[in-house]
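Read off the chains here:
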Amino acid sequence: MNSEFDRLMDQADGQLFKVFGSAWCYTGPAGTPVVPDLSVCISKNVQVEGADGLFRPVAALGEFRLSQIAKPQGDAQIHNATERYRLDKRIDSDGLVERWSLMPVR
């Protein structure tokens with residue numbers, strides 16, 4: 001962490017993911033790296049603001065802590081016992097958490 005603020009926000013994110021996150025396995029687009037116990041917050045049917053200021057609907061949104069997976073990549077997959085998603089488009093990042101639109105994988 002670079003600053004006291006970053007340290008405090010990382011602690012807050014830890015609590016957020018502890019309450020609202022769930023365990024997922026991350027597999028990179030080429031099959032590696034594999035992160036077996038990644039905490040991800042999934043939101044469904046949300047609206048996100050684009051760079052143009054317009055809102056667009058996102059069926060599934062995943063939030064990833066960069067301290068757990070330093071560089072989430074498009075076309076990577078996350079799965080648990082009942083669901084599987086592909087990381088589609090990077091929405092934004094605050095330097096500690098990245099948000100991605102997710103596409104269900106059947």
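That block above? That's the structure.
These numbers were taken from a predicted model, which means no experiment stands behind them.

Engineer: Sorry, what's going on with the side chain of Ser39 here?
Structural biologist: Along the chain, Ser39 turns up in strand S2 (residues 34-49). Given a relative accessible area of 17%, Ser39 falls into the buried group.

Engineer: In this structure, what is going on with the packing of aromatic side chains? I would like to understand it.
Structural biologist: Aromatic rings considered in pairs are described by the distance between their centres and by the relative angle of their planes. Within this structure, the stated rule accounts for one aromatic pair. Here Trp24 and Tyr85 contribute two aromatic rings whose centre-to-centre distance is 5.9 Å and whose plane-to-plane angle is 50°, an arrangement assigned as tilted. Here Trp24 is found in strand S1 (residues 22-27), whereas its partner Tyr85 is found in strand S5 (residues 84-93), with 61 residues between them in sequence. Assessed through its relative accessible area of 2%, Trp24 is described here as buried. Sitting over the ring of Phe17, Arg65 keeps its end group 5.9 Å from the ring centre.

Engineer: So what exactly am I meant to see when it comes to the pairing of S1 here?
Structural biologist: Regular strands show a simple pattern: their side chains alternate between the two faces of the sheet. Judged from the five bridges that link them, S1 and S2 form a sheet pairing that is antiparallel. Considered in S2, the bridge of Ser22 is made with Val40. Where S1 folds back on S2, the antiparallel hairpin that results is connected by six residues, among which Gly31 adopts a positive phi of roughly 95°. Pairing of S1 with strand S4 (residues 77-79) involves three bridges; the strand directions are antiparallel. Note that in S4 the partner of Thr27 across the bridge is Gln77.

Engineer: Help me understand the pairing of S2, please; the structure alone is not making it clear to me.
Structural biologist: Pairing of S2 with strand S3 (residues 55-65), which is carried by nine bridges, proceeds in the antiparallel orientation. Its bridge partner being in S3, Glu49 is matched across the sheet by Phe55. Where S2 hands over to S3, the hairpin turn is made up of five residues, of which Gly53 adopts a positive phi near 85°.

Definitions and cut-offs
- Residues numbered from 1 in each chain as written.
- Predicted model: local features only at pLDDT ≥ 70, side-chain atom pairs only at ≥ 80, totals over all residues.
- Heavy atoms only, no water.
- Helix = DSSP H or I, 4+ residues; strand = E, 2+ residues; numbered from the N terminus.
- Buried < 20%, exposed > 50% of the residue type's maximum accessible area, 1.4 Å probe, protein only.
- Phe/Tyr/Trp six-rings, centres within 6.5 Å; stacked < 30°, edge-to-face > 60°.
- Lys NZ or Arg CZ within 6 Å of the ring centre and 35° of its normal.
- Pairing = 2+ DSSP bridges.

From the geometry alone we can't say anything about function, so treat these as descriptive.
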